[in-house]
Amino acid sequence: MSNEEFDVLVIGAGISGAALFYELAKYTDIKNIALIEKYSVPASLNSKGTSNSQTIHCGDIETNYTLEKAKKVKRTSDMIIKYGLLHKAENDFMFSHQKMALAVGDAEYEYMKNRYEEFRELYPYIKFFDKAKIKQIEPKVVLDKDGIGDRVENICAMGVEAGEVFTTVDYGKMSVSLIEQGQKQGKNTLVAFNQEITHIEKKDDIFILRTSHYKEYRAKAVVVNAGGHSLYLAHKMNLGMDKSCWPVAGSFYLTRQKLLNGKVYMVQNPKLPFAALHGDPDLLANMNTRFGPTALVIPKLERYHGLKSVPEFFEALRFDKVVLKVTFGMLKDETIRNYILYNYLFELPFINKHFFVKDARKIIPSLQSSDIYYAKGFGGVRPQIIDKTKGELLLGEASIMETPGIIFNMTPSPGATSCLGNAERDAKLMCEYLGANFNEDRFASELL
Ligand SMILES: Cc1cc2nc3c(=O)[nH]c(=O)nc-3n(C[C@H](O)[C@H](O)[C@H](O)COP(=O)(O)OP(=O)(O)OC[C@H]3O[C@@H](n4cnc5c(N)ncnc54)[C@H](O)[C@@H]3O)c2cc1C
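First things first, this report covers the structure right here in the doc. (Residues numbered from 1 in each chain as written. Predicted model: local features only at pLDDT ≥ 70, side-chain atom pairs only at ≥ 80, totals over all residues. Heavy atoms only, no water.)

Okay, the sheet that holds strand β17 (residues 296-297) next. Sheet architecture is open: four strands sit in the order β17-β12-β19-β20, paired in antiparallel fashion. Two strands in the sheet have a free side with no partner beyond their single neighbour: β17 and β20 (392-393). Of the pairings in the sheet, the one linking strand β12 (residues 243-250) to β17 comprises two bridges and is antiparallel in character. Residue pairing in the sheet places Ala249 in a bridge with Leu296 of β17. (Pairing = 2+ DSSP bridges. Helix = DSSP H or I, 4+ residues; strand = E, 2+ residues; numbered from the N terminus.)

The full count for this structure, using the stated rule, is 32 salt bridges. Its salt-bridge partner being Arg210, residue Glu201 comes within 3.9 Å of it at the nearest N-O pair. Exposure remark for Arg210: the relative accessible area of 24% places this residue in the partly exposed category. Between Arg303 and Glu347 there is a salt bridge, with its nearest N and O atoms 3.9 Å apart. Remark: Glu347 occurs in the loop between α10 (334-345) and α11 (352-360) and Arg303 occurs in the loop between β17 and α8 (309-317); sequence separation between them is 44 residues. The network of salt bridges with common partners includes Glu201, Lys203, Arg210, Glu216 and Arg218. (Salt bridge = Lys/Arg side-chain N within 4 Å of Asp/Glu carboxyl O. Buried < 20%, exposed > 50% of the residue type's maximum accessible area, 1.4 Å probe, protein only.)

Burial within strand β11 (residues 216-224) is extensive, with seven of its nine residues counted as buried. For strand β10 (residues 206-211) and β11, the ladder comprises four bridges, and the chain directions are antiparallel. Paired with Phe207 across the bridge in β11 is Ala219. In sequence, β10 turns back onto β11 through a hairpin of four residues, with Tyr214 there showing a positive phi of about 60°. Relative to strand β22 (residues 406-410), β11 is paired through three bridges, and the arrangement is parallel. Directly across from Val222, in β22, lies its bridge partner Ile406.

Printed below as a string of structure tokens:
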């Protein structure tokens, strides 16, 4: 058994772990930093380009965000762009496409007009698109179901044309860049793959971490950025016991050809806990349109890795009266119940496309089930946390900071967009804990 001791050890080389590794190496005077990943490459789970929608969620077209939430995510989404520009990532892992939030029907039309007025100050580039403008830049959205005339509903959108703002990121490629840049900062760094941390304990102010192959690491401080497994590892240490996790998988459907020129989002049904379906050009599928994501609860913490994470799911869930109550509370609502049912139907072979295409027709009325196919191997899992103390399902991110020196982060959407902001928070907390310094000036000049 070998021993390696670090000032900070980060578990998980997805976009969250990679961003923290980068910021610790670049903006702090912490010297010994490790990044430990259980698979053989960075970002092979939810941060992989094919697992998520590749969107920089800055809040302009996300109708599930209030203005308050939009202000918060805008700060962190701007950091993604600053990082991309700093490392010349334009058209490498960061792209500019046109994007819009589409309103269909009179009620949504009114809503969008008001939303445009409310949000235009925060996003000065944003434009109001009428039907004629949408027809010019996204023609298939305006065509009727026969693909001949114009659709009859009143439609409008708020959005921006290509080339004005960055909209799209391959977060898998960005994770690799963050790790490489972190390794170039002249610190003593270790980036280790195929090392699954299975045990963490704190002894005399030092964390001792063991892997599934009985390798031992030691660290003064630890940040766990392991998705749903963060809660699993926290529970193993008897921490975060007031939290539970429903893993909500998201799948996608791809079109056989490029049908949309940019991102088309829809108006959120305020009753639903997950973002409405949208269409995006897929960077990794010849820019063909990818519709989704769906939302279905699965009894696993990870997709596409067999059944290993099934027992880990039950450990993270810790099913009890409160979990039951929160779940039934959601199922009581007919809209949510139907939504959940439909999302299961979207996964059933043979019939799935026929159900899914009905939803996607709100974006492209002439879409046929023969135009789309289930994107096998695409999609990921959002670890949605239940706060048992409040008795509610949290829609955003959650952290456990109960023991000094160790942080556990669970980051569902828009976790990739907020990776540099979350890393800023955690790097500062690590500095405070270790008595180290965070270089605010350099950070502000490069990322803010
Ligand atoms: C369908 C879908 C669409 C989404 N769309 C968007 C979007 O458009 N924009 C956006 O900003 N966000 C989006 N998200 C959210 C985003 O993908 C996640 O928030 C983000 O990828 C989380 O990154 P992470 O590094 O925290 O977790 P992950 O990417 O899951 O990485 C966790 C890492 O920890 C490792 N690990 C786990 N356990 C251990 C262990 N015991 N030891 C060592 N390593 C371990 C894993 O192997 C993995 O590499 C989407 C998510 C889904 C599922």
